[in-house]
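# Residue-level structure breakdown
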Amino acid sequence: MTEIIVVTSGKGGVGKTTTSASMACGLARRGKRVAVIDFDIGLRNLDLIMGCERRVVYDFVNVINGDCTLKQALIKDKRLETLHLLAASQTRDKDALTEDGVRRVLDELIADAFDYIICDSPAGIEKGAHLAMYFADRAVVVVNPEVSSVRDSDRILGLLASKTHRSVNGNGGVKEHLLLTRYNPRRVANGEMMSVGDVKDILGLDVIGVVPESPDVLAASNAGVPVILSDTSDAAAAYEDAVARLLGEELPLRFLDEPKRGFFARMFGG
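What counts, and where the lines are drawn
- Residues numbered from 1 in each chain as written.
- Predicted model: local features only at pLDDT ≥ 70, side-chain atom pairs only at ≥ 80, totals over all residues.
- Heavy atoms only, no water.
- 1 Å grid on protein atoms, 1.4 Å probe; cavity = no way out; pocket = protein on both sides within 12 Å on 5 of 7 lines; lining within 4 Å.
- Points joined across faces, edges and corners; volume = space filled by probe spheres on them.
- Helix = DSSP H or I, 4+ residues; strand = E, 2+ residues; numbered from the N terminus.
- Nonpolar A, V, L, I, M, F, W, Y, C, P; charged D, E, K, R; others polar.
- Buried < 20%, exposed > 50% of the residue type's maximum accessible area, 1.4 Å probe, protein only.
- Pairing = 2+ DSSP bridges.
- Axes fitted to C-alpha atoms, helices over the stretch in contact; angles between N-to-C directions.
- Left-handed = near helix turned anticlockwise from the far one by under 90°.
- Contact = heavy atoms within 4.5 Å.
- Phe/Tyr/Trp six-rings, centres within 6.5 Å; stacked < 30°, edge-to-face > 60°.
- Polar contact = N/O pair within 3.5 Å; in protein donor to acceptor, adjacent residues only side chain to side chain.

## A closer look at the layout of surface pockets
The space that makes up the largest pocket amounts to roughly 540 Å³. If you trace the largest pocket, you find 25 residues lining it, with G13, G15, K16, T18 and R182 closest to the centre. Secondary-structure elements contributing two or more residues to the lining of the largest pocket are α1 (16-29), α2 (46-49), β7 (175-183), β8 (207-212) and α11 (215-223). It is α11 that provides the largest number of residues to the lining of the largest pocket, a total of 4 residues. A per-class count over the lining of the largest pocket returns 10 nonpolar, 11 polar and 4 charged.

## Description of the environment of G15
Of note, G15 is situated in the loop between β1 (3-8) and α1. For G15, a relative accessible area of 18% corresponds to the buried category. In sequence terms G15 and P226 are 211 residues apart; their C-alpha atoms lie 12 Å from each other.

## Focus on the pairing of strand β6 (residues 138-143)
The buried count for β6 comes to 6 of 6 residues, which makes it a mostly enclosed element. Going residue by residue along β6, you find R138, V140 and V142 tucked away on one face and A139, V141 and V143 tucked away on the opposite face as well. Direction of pairing for β1 relative to β6: parallel, over a ladder of 4 bridges. Bridging across to β6, V7 finds its partner in V140. Bridge count between β6 and β7: 6 bridges; the pairing is parallel. Bridging from a neighbouring strand, V143 pairs with L180 of β7.

## Points about the packing of helix α7 (residues 147-162) against helix α10 (residues 196-203)
How two helices sit against one another is set out by the angle between their axes and by the gap between those axes. Axis separation between α7 and α10 bottoms out at 10 Å; the angle between their running directions is 35°. Crossing geometry of α7 relative to α10 is assigned as right-handed. Where α7 approaches α10, its residues V150, S153, D154 and L157 are matched on the opposing element by V199, I202 and L203. Residue composition of the contact of α7 with α10, by class: 5 nonpolar, 1 polar and 1 charged.

## Observations concerning empty space enclosed by the protein
Tallied over the entire structure, the rule returns 1 cavity of 30 Å³ or more. One number sums up the size of the largest cavity: a volume of about 30 Å³. Taken together, V210, A238, D241, R245, R254 and F255 make up the lining of the largest cavity. The element contributing the most residues to the lining of the largest cavity is helix α12 (residues 234-246), with 3 residues. Here the lining of the largest cavity is built from residues that sort into 3 nonpolar, no polar and 3 charged.

## So, the packing of aromatic side chains
Under the criterion given, the structure shown has 2 aromatic pairs. Geometrically, the ring pair formed by F39 and F60 is edge-to-face, given 5.1 Å between the ring centres and 80° between the ring planes. Of this pair, F39 sits in the loop between β2 (34-38) and α2 while F60 sits in helix α3 (residues 60-64); the two residues are 21 residues apart in sequence, bridging distant segments of the chain. Each of the two residues, F39 as well as F60, counts as buried.

## A look at helix α6 (residues 127-134)
For α6, the tally of buried residues reaches 6 of 8 residues, placing the bulk of the element in the interior. Summarising the contacts, the buried residues of α6 are in contact with β1, α5 (99-111), β5 (116-120), α7 and α8 (165-168). You can read the cap of α6 off the contacts: a side-chain oxygen lies 2.8 Å from the backbone nitrogen of G128, and it is on E126.

## Some details on the sheet that holds β6
Within the open sheet, the 8 strands sit side by side as β3-β4-β2-β5-β1-β6-β7-β8. Their pairing is mixed. With one partner strand each, in any of the chains shown, β3 (75-76) and β8 form the two edges of the open sheet. Lying on the sheet, α10 is in contact with β6, β7 and β8; it crosses β7 at an angle near 150°.

## Topic: the environment of L179
Mapped onto the elements, L179 comes out in strand β7. Looking at L179, the relative accessible area reads 0%, which means it is buried. Counting along the chain gives 155 residues from L179 to A24, while the straight-line C-alpha distance between them is 15 Å. Ignoring sequence-local partners within four residues, the contact set of L179 consists of T19, V140, V141, V142, V143, I208, G209, V210, V211, Y239 and A242.

Below, the structure is given as structure tokens:
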């Protein structure tokens with residue numbers, strides 16, 4: 001049975017697209033058939049992070065408008081056999097998306113027996129974000145451990161509870177997960193950043209993953225490789241853990257504490 005997962009946040013720049021790409025890759029590496037859709041009409045980025053921007057011929061809006069078939073628009077990942085991308089349009093605005101059009105695309109992906117559909121949402125509460133979450137079964141709420149990001153995500157939780165297909169039709173609501181990104185234990189210890197417990201207490205969600213602050217994320221994005229495929233990175237390991245928890249595995253959270261420095265690092269300030 002197909003599961004639709006929206007990756008969302010209230011604030012821009014927190015790592016939604018990085019998270020969408022990495023979770024889609026992680027699920028595909030486990031043999032799941034995955035389609036990941038970029039809902040950020042006019043500001044297309046998912047294809048860049050996945051390294052397939054030169055292969056985009058048709059996009060999400062083309063499919064909705066009947067300019068092409070869904071099969072023509074889906075881009076098959078060259079690294080992972082079971083992963084497909086549907087890019088956003090760079091030239092249209094968010095009004096090009098309609099509830100009926102999004103429903104038709106999702107229904108066709110479900111009919112094609114995809115296991116997971118990942119909806120990469122734009123930030124905020126406007127139309128694109130609303131449609132990205134409207135048909136979701138689950139939501140991954142991406143938060144930086146800072147006050148403005150947490151506050152804005154609280155607004156998103158309100159929409160997930162009241163403005164989705166599941167909530168409107170009394171189907172139990174959307175199951176919500178919390179993913180923290182750019183987590184820095186040293187800054188938490190210094191009182192410059194909220195702790196995992198602080199964020200969890202405010203938003204009232206279980207934490208599916210904690211992704212440490214790492215230069216590997218930007219380097220991977222610039223190279224067009226989802227960071228989860230960078231096997232030596234702590235960020236990659238954190239996303240792998242998050243995917244495992246999404247699939248029901250019970251794993252302890254990692255990367256919550258600052259690594260202990262060795263003798264020479266302490267002596268010479270390293």
